[in-house]
Amino acid sequence: MNPIPRIAVFASGSGSNAQRIAEYFEGRDLLEISAIYCNNPDAYVLERANMLGIHTVLFTRSDFYQTTSVLDDLNNREIDWIVLAGFLWLIPDSILKAYPQRIINIHPALLPAYGGKGMYGMKVHESVIASGEKQSGITIHHVNESYDEGDIIFQATCQVHPGDTPEMLAAKIHELEYEYFPVVIGKLVAG
Ligand code: GAR
């Protein structure tokens, strides 16, 4: 582990969590967001990274699953921890083995409910509302070989009110994510 732990954030889309994490740790000397890894050339997170001055690594499905190029890059950058912030692909075994208990994910619902393959972003909020849940929330968990099944580290809840739309719920969930994800990352990584 580096004296100031080096973090890779993986994201596939907008990247508002990635930005929040980067801004939270800016100037704190607790840990460093060393690079943002992204599988989607059109993702807005790439623009956010440029604005924040954070290096980006863009990779394809075959880079990820058929070569060791992403793992090699993580090694070259001496990355200590991986944070998934809206990243939608399963992590390959080689990376899981290289980062035992050092890959975490945030999921926008109270796992084990509303998780698994295909459950991401707005689909989660639509399902929660369609099921008439009165409560939802966020789950931060360790990552293993299955979608959304690793050990749970932290959860926080919010109310789902009658008439809430998926967009309204997404906004509440994002507020929870922005409040808690950086704090939980800081505690885990920098003690
Ligand atoms: C976040 O709400 C995150 O919890 C969710 O995607 C959103 C990404 O937003 N992740 C998943 O659904 C993973 N299964 P962002 O790109 O603005 O950070």
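Here, every reference points to the structure presented above.
In this report, we go over the structure that sits alongside the text. Please read all numbers here as calculations on a predicted model, not as lab measurements.

### With respect to unusual backbone geometry
Trans is the prevailing form of peptide bonds, just as negative phi is the prevailing case for residues other than glycine. A cis amide bond, omega 10°, links Leu 111 with the succeeding residue Pro 112. With respect to the secondary-structure elements, Pro 112 resides in the loop between strand 5 (103–107) and helix 6 (121–130). Here Asp 29, not a glycine, exhibits a phi torsion of approximately 60°, which is positive. For Asp 29, the position within the fold is in the loop between helix 1 (16–25) and strand 2 (32–38).

### Structural notes on the nonpolar core
Core analysis: the largest hydrophobic core is formed by 38 residues, its most contacted members being Phe 181 and Ile 185. The element best represented in this core is helix 7 (residues 166–190), accounting for 7 residues. Here Phe 181 is in contact with Asn 17, Ile 21, Val 83, Leu 84, Ala 85, Ile 104, Asn 105, Ile 106, Ile 140 and Leu 176, once residues within four sequence places are set aside. Within the second largest apolar cluster, 21 residues are counted, among which are Tyr 37, Leu 74, Phe 87 and Val 143.

Cut-offs used in this document
Residues numbered from 1 in each chain as written. Predicted model: local features only at pLDDT ≥ 70, side-chain atom pairs only at ≥ 80, totals over all residues. Heavy atoms only, no water. Helix = DSSP H or I, 4+ residues; strand = E, 2+ residues; numbered from the N terminus. Core = buried A, V, L, I, M, F, W, Y, C linked by side-chain atoms within 4.5 Å. Buried < 20%, exposed > 50% of the residue type's maximum accessible area, 1.4 Å probe, protein only. Contact = heavy atoms within 4.5 Å.

All we've got here are geometric facts, nothing functional implied.
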